[in-house]
Amino acid sequence: MEPRFYDEMFENDGTARAAGRRMVEALGGLAPEDLAKLQESVYRRFLHEGITFTVLGGDEMTERIIPLDFVPRLLAAREWEHIERGLKQRLAALNLFLKDIYHEGRSLRDGVVPLDLVLGCPQYRIEMRGINIPHDVYVAVCGTDLVRTHDGFAVLEDNLRVPSGVSYMLGCRDAVKGAFPDLYRAHRVREVSDYSKRLYAILSSLAPSMRTPRVAILTPGLYNSAFYEHALLAGEMGIDLVEGQDLVVHDAVLFARTTKGLQRIDVLYRRLDDDFLDPVTFRADSALGAAGLFHAYRAGNFVLANAPGTGVADDKALYAYVPRIIRYFLDEEPILSNVETHLCREPDGLAHTLEHLDELVVKEVGGSGGYGMLVGPHSTRAERAEFAERIRADPANFISQPTLDLSRAPCFVDGRIEPRHVDLRPFVLQGRDRQDVVPGGLCRVALRRGSLVVNSSQGGGCKDLWVVDG
Amino acid sequence: MLARVAANFYWMGRYLERTKQTIRLVRYPLDRLVDRTAGEIAVAWEVVYRTLGQTPPDAPESRAEAEMFLMTDAYTLAGSLIEETANPESIVSCWNVARENARQVRSHLPLPVWTCLNQGFLWMRDIDLPTAWRSGPSALAGEASDRLRHLSGVMDALMYRDDGWRFMVLGRFIERVQHQAAFLGAWVELGRRERGEAALPWADLLRICGAYEVYSRRYSMQVRQEQVLVFLVQDPELPRSLRFSMHLIEEMLAGIDAAGARYPLAPPHRMALRLAAALEVENLDGERGRDSVRFFRSIANECRRLHELAVAAYLEFPFAAGQET
């Protein structure tokens, strides 16, 4: 009988999959003390190098290290090629969709996506309407969450605003490569270390002028949970890591304040939500952006990656329409499937959700980080009753999906190797005239036994993903 | 370089130097605990606190009480200057601030520099003073000093000599001149009050400044006050002399505003040159030696002014004066 969960390392009969055979042999030859030492060595590396995320609680700010499991997840190259094609297809279609909804709105007129779903989405930025984006690249950096079941890989979520986690991909790789140097070489693992180089090439290709562009990363600052990642990427690309206070707009041109005066910026890779980019155009109380920034952007004097207003396309309700978007704009069948999704804004979807609350995962349309969701099979009767009330009060704010049997990969937990549920976030880049996907990604793991929630804020950790021959 | 980034480098340099100076100071009375009298230990603590411009925690009213307090409460005083996070001059506080500044510019730092600084932070965060005290009162300061030396070596070996480096060294040496001037002033003033070699020997001053051996080679083993001051202020090759530090400050400012790029010279550069000249020509050896306390005070004040000029010229977003480059 087929086990309930797909196992990333073992076949149904318990033998190692071809890609992982060497790894299984190597781990089998290690005593528990040796495994513990390996885990300790990768933990120390993260600790000493300060690979942290910041957690704010009240007035306190603490730096935490994301739990890292040293056992890599292995994926055969042919499976990766399938994923890569699917990711590129999806991003191409979403960029076309974004251009369309901020211009002529053909897909809305043709009923591909309901008009009110788009125009009613808080992430739809009316300020973007009619603005011509250089090279029509709305989303230059995308992080797509994938899950695997016995049916294969499926997209769980698109992250089109400020996707994060790539630093953990790079940090995991360095740490795990150091822990298994011989195995790494023997597996001929596909490289991810040139991610920053690829990212820089993509960002500079978007510059509005032909001269060598000045590219910078905009960070909310030290207190942002992903500050480490912003600093890492800026360092690797050799570009400035700017905060709002470093920027000034003059004559609709964006400048950075330097020790030698003002210097023009051509491409700004922003790691800041739309709301905070410009207090003149968006939230007036934002101290994180720069006044007039959007005005300079509208004038076409610099490029923002990603563009404001891209969040409308990663909305959890709109997600259900992505296969139709792909068919409409590309005239192709989606290579990667979606997870079955019920929209509570529709009467059938609402009825199905309320009837099967104990079986479904219910999510808030604008929620993230594993917050504001109900995992039906793990919930109490009282929790379900409370959620049902919330859904009835505002159906459009919820969607539901079946509880997925996420695949499992071996992890070192409590002194021994045990399977845990995992997902995968690869990063897709879209430049002026090409797309790029680094062969790897952030592999998140639910370290609590039985848990399906992989978010770091909910006790999740990460592990390295090795794309290997096969 | 972004003005904010330059400011982070500058403050990182200042706080690392401040850590080093506090370590150097706090070790002095702690090392004296072994074989000095209560009065001598009390004077040593007084030098420390006067240099830092602080009053000891729970300072008593009368001098007699003060001596007793300073002698018996070495543990409290050392704790306040080593691990007390509420004290901004404590070693832990200074290291933390240096690390926070480094964290903001870690994209400009070689990984080993950041790692070394971070490991020091993790060590200090977990300091256990009672245990360390049992193994030797100055053990913690010694370990902190070793970590700082390690960090300095890694920075020297790996950091690129760009504006980031220049602002860091600028901060480090402005801090050093200010601190060293305050320290020498406190030493001279308290030494004069104590009227004797026993309480504050000049040889001790040389040792604290890491200059005793060089002094012996250069002058003699007979330590003379006038020569000590000339050596610590005007020697061009002694890393802790004021003149040496001021020369480095001037060199860094010249690098930040490359020669010929700005005329007339930027205000901080002009002031550094003037201070360097004052240090070179000051007569510390003769009759005017009696004014040395005032001289050190004025150097510390001038250096504070130099800091303000540097901040105004480079670090506080000088966009009003700036043009696109």
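Since this is a predicted model, take the numbers as computed values, not measurements. (Residues numbered from 1 in each chain as written. Chains lettered and ligands numbered in written order. Predicted model: local features only at pLDDT ≥ 70, side-chain atom pairs only at ≥ 80, totals over all residues. Heavy atoms only, no water.)

Next up on the list: the overall build of chain A. On a plain count of helices and strands, chain A comes out with 13 helices and 23 strands. Expected size for 470 residues packed as a compact globule is a radius of gyration near 23 Å; at 22 Å, chain A falls within 12% of this value. Considering only C-alpha atoms, chain A reaches an extent of 65 × 55 × 50 Å along its principal axes. The proportion of buried residues among the 470 residues of chain A is 58%. Sequence-distant contacts, at least 24 apart, represent 69% of the contacts inside chain A between residues at least 6 apart. For chain A, the exposed area adds up to about 18800 Å²; of that, 49% sits on carbon and sulfur atoms. Computed over 55 positive and 67 negative side-chain charges, the inter-centroid distance for chain A is 3 Å. (Helix = DSSP H or I, 4+ residues; strand = E, 2+ residues; numbered from the N terminus. Rg over C-alpha atoms; globule rule 2.2 N^0.38 Å. Buried < 20%, exposed > 50% of the residue type's maximum accessible area, 1.4 Å probe, protein only. Contact = heavy atoms within 4.5 Å. Areas by Shrake-Rupley, 256 points an atom, 1.4 Å probe, with all protein chains shown as cover. Lys, Arg positive; Asp, Glu negative; His and termini not counted. Charge placed at Lys NZ, Arg CZ, Asp CG, Glu CD.)

Counting 193 residues, the largest nonpolar core has A:V113, A:L268, B:W45, B:L170 and B:I249 as its most contacted members. With 14 residues, the single largest contributor to this core is helix α9 (residues 163-194) of chain B. Not counting residues up to four positions away in its chain, the partners in contact with A:V113 are A:F97, A:S107, A:L108, A:V118, A:L318, A:Y321 and A:I325. The next biggest cluster of nonpolar side chains, apart from the first, holds 61 residues, and it includes A:I66, A:L74, A:V166 and A:L241. (Core = buried A, V, L, I, M, F, W, Y, C linked by side-chain atoms within 4.5 Å.)

Here we take up the pattern of salt bridges. Should the charged atoms of two oppositely charged side chains come close, the side chains can pair. Residues and elements named next belong to chain A. Applying the stated criterion across every chain yields a total of 59 salt bridges over all chains. In this structure, the salt-bridge partner of R17 is E11, at a minimum N-O distance of 3.2 Å. The partner of R444 in a salt bridge is D145, with the nearest N and O atoms 3.3 Å apart. Separated by 299 residues along the polypeptide, R444 in strand β22 (residues 443-446) and D145 in strand β4 (residues 141-149) bring together distant segments of the chain. Per residue, the accessibility class of R444 equals that of D145, and both read buried. Through salt bridges with shared partners, a single network forms among E8, R73, E79 and R148. (Salt bridge = Lys/Arg side-chain N within 4 Å of Asp/Glu carboxyl O.)

Now for the interface of chain B and chain A. In this complex, chain B contributes 28 residues to the contact, which on the side of chain A involves 30 residues. Across the contact surface, chain B and chain A share three salt bridges. Between B:R4 and A:E243 there is a salt bridge, with the nearest N and O atoms lying 3.3 Å from each other. Linking chain B with chain A are 13 residue pairs in polar contact (both at pLDDT 80 or more). Where the side of chain B that touches chain A is concerned, the elements lending two or more residues are α1 (3-32), α5 (91-104), α6 (111-125) and α9 of chain B. It is α6(B) that provides the largest number of residues to the side of chain B that touches chain A, a total of six residues. Taken together, the residues of the side of chain B that touches chain A break down into 13 nonpolar, eight polar and seven charged. (Polar contact = N/O pair within 3.5 Å; in protein donor to acceptor, adjacent residues only side chain to side chain. Nonpolar A, V, L, I, M, F, W, Y, C, P; charged D, E, K, R; others polar.)

All right, on to the packing of aromatic side chains then. Using the criterion set out here, one finds 23 aromatic pairs over all chains in the structure. Taken together, a centroid distance of 4.8 Å and an interplanar angle of 15° make the contact between A:Y102 and A:Y124 stacked. In this pair, A:Y102 sits in the loop between α3 (77-101) and α4 (106-109) while A:Y124 sits in the loop between α5 (115-119) and β4, placing the two residues 22 residues apart along the sequence. Looking at A:Y102, the relative accessible area reads 0%, which means it is buried. Residue A:Y124 is classed as buried on the basis of its relative accessible area, which comes to 9%. The rings of A:F282, A:F294, A:Y297 and A:F302 are connected pair by pair, giving a single aromatic cluster. In this structure, B:R99 packs its charged tip against the face of B:F121, placed 3.9 Å from the ring centre. (Phe/Tyr/Trp six-rings, centres within 6.5 Å; stacked < 30°, edge-to-face > 60°. Lys NZ or Arg CZ within 6 Å of the ring centre and 35° of its normal.)

Time to look at the sheet that holds strand β5 (residues 152-159) of chain A. All names here are of chain A. Read from one edge of the open sheet, five strands run β13-β5-β4-β20-β21, paired in mixed fashion. The strands lining the two open edges of the sheet, one partner per strand, are β13 (337-338) and β21 (435-437). Direction of pairing for β5 relative to β13: parallel, over a ladder of two bridges. When the sheet's bridge partners are listed, A154 is paired in β13 with S337. Together, β4, β20 (427-430) and β21 form the strand contacts of helix α8 (residues 195-205), whose direction differs from that of β20 by roughly 30°. (Pairing = 2+ DSSP bridges. Axes fitted to C-alpha atoms, helices over the stretch in contact; angles between N-to-C directions.)

In this section: the environment of A:A446. Residues and elements named next belong to chain A. Locating A446 in the fold gives a position in strand β22. A sequence separation of 402 residues divides A446 from R44, and the C-alpha atoms of the two residues are 21 Å apart. Once you skip the residues sitting within four places of it in the chain, A446 turns out to touch R420, H421, S451, L452, V453 and V454.

Okay, unusual backbone geometry next. Residue and element names in this part refer to chain A. Residue N306 follows A305 across a cis peptide bond; omega there is -5°. Summarising the element assignment, N306 is placed in the loop between β12 (303-305) and α11 (322-330). Although it is not a glycine, R188 sits at a positive phi angle of roughly 50°. The residue D414 is not glycine, and still its phi comes out positive at about 50°. Among the structural elements, D414 can be located in the loop between β18 (408-413) and β19 (416-421).

Now for the environment of A:D315. Residue and element names in this part refer to chain A. Within the secondary structure, D315 sits in the loop between β12 and α11. Accessibility expressed as a relative area gives 8% for D315, which makes it buried. Placed 78 residues apart in sequence, D315 and M237 show a C-alpha to C-alpha distance of 30 Å. Residues in contact with D315, not counting those within four places in the same chain, are C121 and V365.

Turning our attention to the sheet that holds strand β23 (residues 460-468) of chain A. Residue and element names in this part refer to chain A. With mixed pairing, three strands are arranged side by side in an open sheet as β3-β23-β22. Sheet topology places β3 (68-76) and β22 at the edges, where each strand pairs with a single neighbour. In this sheet, neighbouring strand axes are inclined to one another by 40° on average, regardless of whether the strands run parallel or antiparallel. Against the sheet, helix α6 (residues 166-179) touches β3 and β23, its axis set at about 70° to β23.

Next up on the list: the packing of α1(B) against helix α2 (residues 38-52) of chain B. Residue and element names in this part refer to chain B. α2 packs onto α1 with a crossing angle of 170° between their chain directions and a minimal axis gap of 8 Å. Here α1 lies roughly antiparallel to α2, going by the angle between them. Here α1 contributes T22, L25, V26, Y28, P29, L30 and R32 to the contact with α2, which in turn contributes E40, I41, A44, W45, V48, T51 and L52. (Parallel < 35°, antiparallel > 145°, perpendicular 65-115°, else oblique.)

Here we take up the pairing of strand β10 (residues 261-264) of chain A. Bridge analysis of strand β9 (residues 253-258) of chain A against β10(A) gives four bridges, and the strand direction is antiparallel. Counted as the bridge partner of A:A256 is A:Q263 from β10(A).

Residues and elements named next belong to chain A. Relative to the helices and strands, H342 is located in strand β14 (residues 342-343). Relative accessible area serves as the criterion here: at 13%, H342 is assigned to the buried category. Of note is the side chain of H342, whose polar atom sits 3.4 Å from the side chain of H352.

Let us now look at the confidence of the model for chain B. Residues and elements named next belong to chain B. For chain B, the average pLDDT comes to 86, and 88% of its residues sit at 70 or higher. Here residues 319-325 scores under 50 on pLDDT; set against residues more than four positions off or in separate chains, the count is 14 contacts. Scoring the predicted complex yields pTM 0.85 and, for the interface, ipTM 0.75. (pLDDT = per-residue confidence, 0-100.)

This paragraph deals with the packing of helix α12 (residues 347-355) of chain A against helix α13 (residues 381-393) of chain A. Residue and element names in this part refer to chain A. Across the interface, α12 lies against α13 with an axial gap of 11 Å and an inter-helix angle of 170°. With respect to their mutual orientation, α12 and α13 come out roughly antiparallel. Contact residues: α12 offers L350, T353 and L354, while α13 offers A388, I391 and R392. Class assignment of the residues belonging to the contact of α12 with α13 gives a composition of four nonpolar, one polar and one charged.

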